[in-house]
Amino acid sequence: MTDFKIQRGPSSSFFSEPGVINPNLVVETGCWYLCTDTAELFLGICLSEGMSTLARINGTTTGIISEAIN
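Residues numbered from 1 in each chain as written. Predicted model: local features only at pLDDT ≥ 70, side-chain atom pairs only at ≥ 80, totals over all residues. Heavy atoms only, no water.

### Examining the side chain of Ser52
Logical step 1: Structurally, the position occupied by Ser52 is in strand 6 (residues 51-56).
Logical step 2: Separated by 3.4 Å, the side chains of Ser52 and Thr29 make a polar contact. (Helix = DSSP H or I, 4+ residues; strand = E, 2+ residues; numbered from the N terminus. Polar contact = N/O pair within 3.5 Å; in protein donor to acceptor, adjacent residues only side chain to side chain.)

If you want it as structure tokens, here you go:
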């Protein structure tokens, strides 16, 4: 069993602009990311070994942010 992790903060701490992951953000697979100003929820997922990104959980569209983080 793994610990349940949530990172929270304003969307500007996770994204440098809408849909673009902040290059300083370390995306952890399995960690939840809650934007406290927009109430958006994301999950860190592994695309391939060493490549992680955020998948949107709530809102009008569900999808993977196109820019992956190493």
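Having seen the model, we can carry on.
### Some points on a nonpolar patch on the surface
Logical step 1: A cluster of nonpolar side chains, Phe4, Ile6 and Leu34, forms an exposed patch at the surface whose accessible area comes to about 300 Å².
Logical step 2: If you trace the backbone, Leu34 turns up in strand 4 (residues 32-35). (Patch = residues over 30% accessible without salt bridge, like charges linked within 9 Å, V, L, I, M, F, W, Y side chains within 5 Å. Areas by Shrake-Rupley, 256 points an atom, 1.4 Å probe, with all protein chains shown as cover. Salt bridge = Lys/Arg side-chain N within 4 Å of Asp/Glu carboxyl O.)

### A closer look at the pattern of salt bridges
For side chains of opposite charge, pairing can occur when their charged atoms come near one another.
Logical step 1: All told, the structure shown has two salt bridges when counted by the stated rule.
Logical step 2: Across the pair Glu28 and Lys5 runs a salt bridge whose closest N-O atoms are separated by 2.7 Å. Residue Glu28 is located in the loop between strand 3 (20-21) and strand 4, and its partner Lys5 is located in the segment before strand 1 (6-9); the two are separated by 23 residues in the primary sequence.
Logical step 3: On the basis of relative accessibility, which here comes to 30%, the residue Glu28 falls in the partly exposed class. (Buried < 20%, exposed > 50% of the residue type's maximum accessible area, 1.4 Å probe, protein only.)

### Observations concerning the sheet that holds strand 4
Logical step 1: On the basis of which strands lie adjacent, the open sheet formed by four strands has the order 1-4-5-6 and mixed pairing. Looking at which strands have only one partner, the edges of the open sheet turn out to be strand 1 and strand 6. Here the strands of the sheet are splayed against their neighbours by 30° on average, with no regard to which way each runs.
Logical step 2: Pairing analysis gives four bridges linking strand 1 to strand 4, with the strands arranged parallel. Residue pairing in the sheet places Gly9 in a bridge with Cys35 of strand 4. (Pairing = 2+ DSSP bridges. Axes fitted to C-alpha atoms, helices over the stretch in contact; angles between N-to-C directions.)

### A look at the nonpolar core
Logical step 1: Ranked by size, the top nonpolar core spans ten residues in total: Phe14, Phe15, Ile21, Leu25, Val27, Cys31, Tyr33, Cys35, Phe42 and Leu54.
Logical step 2: For Tyr33, the residues in contact, after removing those within four places along its chain, are Gln7, Phe14, Leu25, Val26, Val27, Glu28, Glu40, Leu41, Phe42, Gly44 and Leu54. (Core = buried A, V, L, I, M, F, W, Y, C linked by side-chain atoms within 4.5 Å. Contact = heavy atoms within 4.5 Å.)

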